Amino acid sequence: RLAQLQDNMRAGDILVIAGRVDRIARPEFLQWYSEVVIPWITRIGAKIVLIGDNYELKRSGSMCRPPNAVHLCSYTMADMRAGGGCSPDCELCAGDGRCPRPDTILSFNSTLQHFADQHSEVVHFFSQLDLWLDHSGRGSNIIPGTNVNGYIDEHHLNPEGAKYLWPYMCAAFQEWGLFT
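Being a predicted model, the structure only gives us computed values, none of them experimental.

Rules and cut-offs
- Residues numbered from 1 in each chain as written.
- Predicted model: local features only at pLDDT ≥ 70, side-chain atom pairs only at ≥ 80, totals over all residues.
- Heavy atoms only, no water.
- Axes fitted to C-alpha atoms, helices over the stretch in contact; angles between N-to-C directions.
- Helix = DSSP H or I, 4+ residues; strand = E, 2+ residues; numbered from the N terminus.
- Parallel < 35°, antiparallel > 145°, perpendicular 65-115°, else oblique.
- Left-handed = near helix turned anticlockwise from the far one by under 90°.
- Contact = heavy atoms within 4.5 Å.
- Nonpolar A, V, L, I, M, F, W, Y, C, P; charged D, E, K, R; others polar.
- 1 Å grid on protein atoms, 1.4 Å probe; cavity = no way out; pocket = protein on both sides within 12 Å on 5 of 7 lines; lining within 4 Å.
- Points joined across faces, edges and corners; volume = space filled by probe spheres on them.
- Buried < 20%, exposed > 50% of the residue type's maximum accessible area, 1.4 Å probe, protein only.
- Pairing = 2+ DSSP bridges.
- Core = buried A, V, L, I, M, F, W, Y, C linked by side-chain atoms within 4.5 Å.
- Expected span 1.5 Å × (residues − 1).
- Polar contact = N/O pair within 3.5 Å; in protein donor to acceptor, adjacent residues only side chain to side chain.

(A) Structural context of the packing of helix α3 (residues 27–44) against helix α5 (residues 104–118). Between α3 and α5, the shortest axis-to-axis distance is 12 Å and the interhelical angle comes to 25 degrees. Classified by the angle between their axes, α3 and α5 sit roughly parallel to one another. Between α3 and α5 lies a crossing whose hand is right-handed. Taking contact as the criterion, the partners of Leu-30, Tyr-33, Ser-34 and Ile-38 in α3 are, on α5, Thr-111, Leu-112 and Phe-115. Per-class residue counts for the contact of α3 with α5 are five nonpolar, two polar and no charged.

If you want it as structure tokens, here you go:
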């Protein structure tokens, strides 16, 4: 994979790494990024953006339609702190969507943010967790402030969910100086 990147990336390019945070935040991957990818990215004058995961719902977002069924997909920060929001097939999970230690999805995001901070000249981290919480601190499949479903299933965003994130991502890229 690195050979494909080396053949195609140029100065000013942005390598976006997105995926399940239980995979991209693993120590062996972060070590590989540190030892192999970041020195090369630095040499060619490119940047890396790590994208944090969204919350894994208990049901498919398409089954949680407003106004009567949204509660089936709702969650709070307390749920995240209690280990909710991880994929049931997460290698670190017990198979029931609960992570084995408290606030794992938050811990994964914290790990990625810390990694970006350590390599701030080259690496940036975009977290979307807070963007899915409404003014009361409750999240669900519904795009905050609307009645529009943003999930296609328990974990993946539909086009509306992706469009919701788009201006926030663009603002972050602008803030980081990636649009020049």
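(B) Spotlight on the layout of surface pockets. Roughly 300 Å³ of internal volume is contained in the largest pocket. For the largest pocket, the lining is made up of 13 residues, of which Arg-1, Leu-5, Ile-17, Trp-32 and Tyr-33 are closest to its centre. If you list the elements that add at least two residues to the lining of the largest pocket, you get α1 (2–8), β1 (14–18), α2 (21–24) and α3. Partitioned by chemical class, the residues of the lining of the largest pocket number ten nonpolar, one polar and two charged. Of the voids in this model, the second largest pocket is the one considered here, and its volume is about 190 Å³. As for the second largest pocket, its lining consists of 16 residues, and the residues nearest its centre are Val-70, Asp-134, Ser-140, Ile-142 and Thr-146.

(C) Just unusual backbone geometry, in detail. Of note, the amide linkage connecting Pro-66 to Pro-67 takes the cis form, showing an omega dihedral of 0 degrees. Turning to its location among the elements, Pro-67 is positioned in the loop between β2 (47–51) and β3 (75–76).

(D) Expanded view of the pairing of β1. Judged by which residues are buried, β1 turns out to be one-sided: Leu-15 and Ile-17 face inward and are buried, whereas Ile-14, Val-16 and Ala-18, on the alternate face, are not. In this sheet, β2 lies alongside β1 in parallel orientation, the contact comprising five bridges. Across the sheet, the residue bridging to Ile-17 is Leu-50, located in β2.

(E) Molecular detail of the pairing of strand β4 (residues 123–126). Here β4 shows a buried face lined by Val-123 and Phe-125 and a second buried face lined by His-124 and Phe-126. Pairing geometry for β2 and β4, over four bridges, is parallel. Bridged to Val-49 within β4 is His-124.

(F) The nonpolar core, seen in detail. Residues Ile-41, Ile-48, Leu-50, Tyr-75, Met-80, Leu-112 and Val-123 are the most contacted members of the largest nonpolar core, which totals 45 residues. When residues of this core are traced back to their parent elements, those giving at least two are β1, α2, α3, β2, α5, β4 and α6 (159–175).

(G) Summary view of the environment of Leu-157. By secondary structure assignment, the location of Leu-157 is in the loop between β5 (138–139) and α6. When its relative accessible area of 24% is taken as the criterion, Leu-157 is described as partly exposed. Beyond its immediate chain neighbours, meaning those up to four positions away, Leu-157 contacts Asn-54, Gln-128, Trp-132, Gly-150, Tyr-151, Ile-152, Ala-162 and Leu-165.

(H) α6, seen in detail. Taking 1.5 Å of rise per residue, 17 residues should cover 24 Å, and α6 covers 24 Å from first to last C-alpha, within 8% of that figure. Within the span of α6, buried status applies to Gly-161, Tyr-164, Leu-165, Ala-172 and Phe-173. Check the buried side of α6 and you find it contacts β1, β2 and β4. Where α6 begins, the side chain of Asn-158 points an oxygen toward the backbone nitrogen of Glu-160, at a separation of 3.0 Å. Phi turns positive, to about 75 degrees, at Gly-177, one or two residues after α6.

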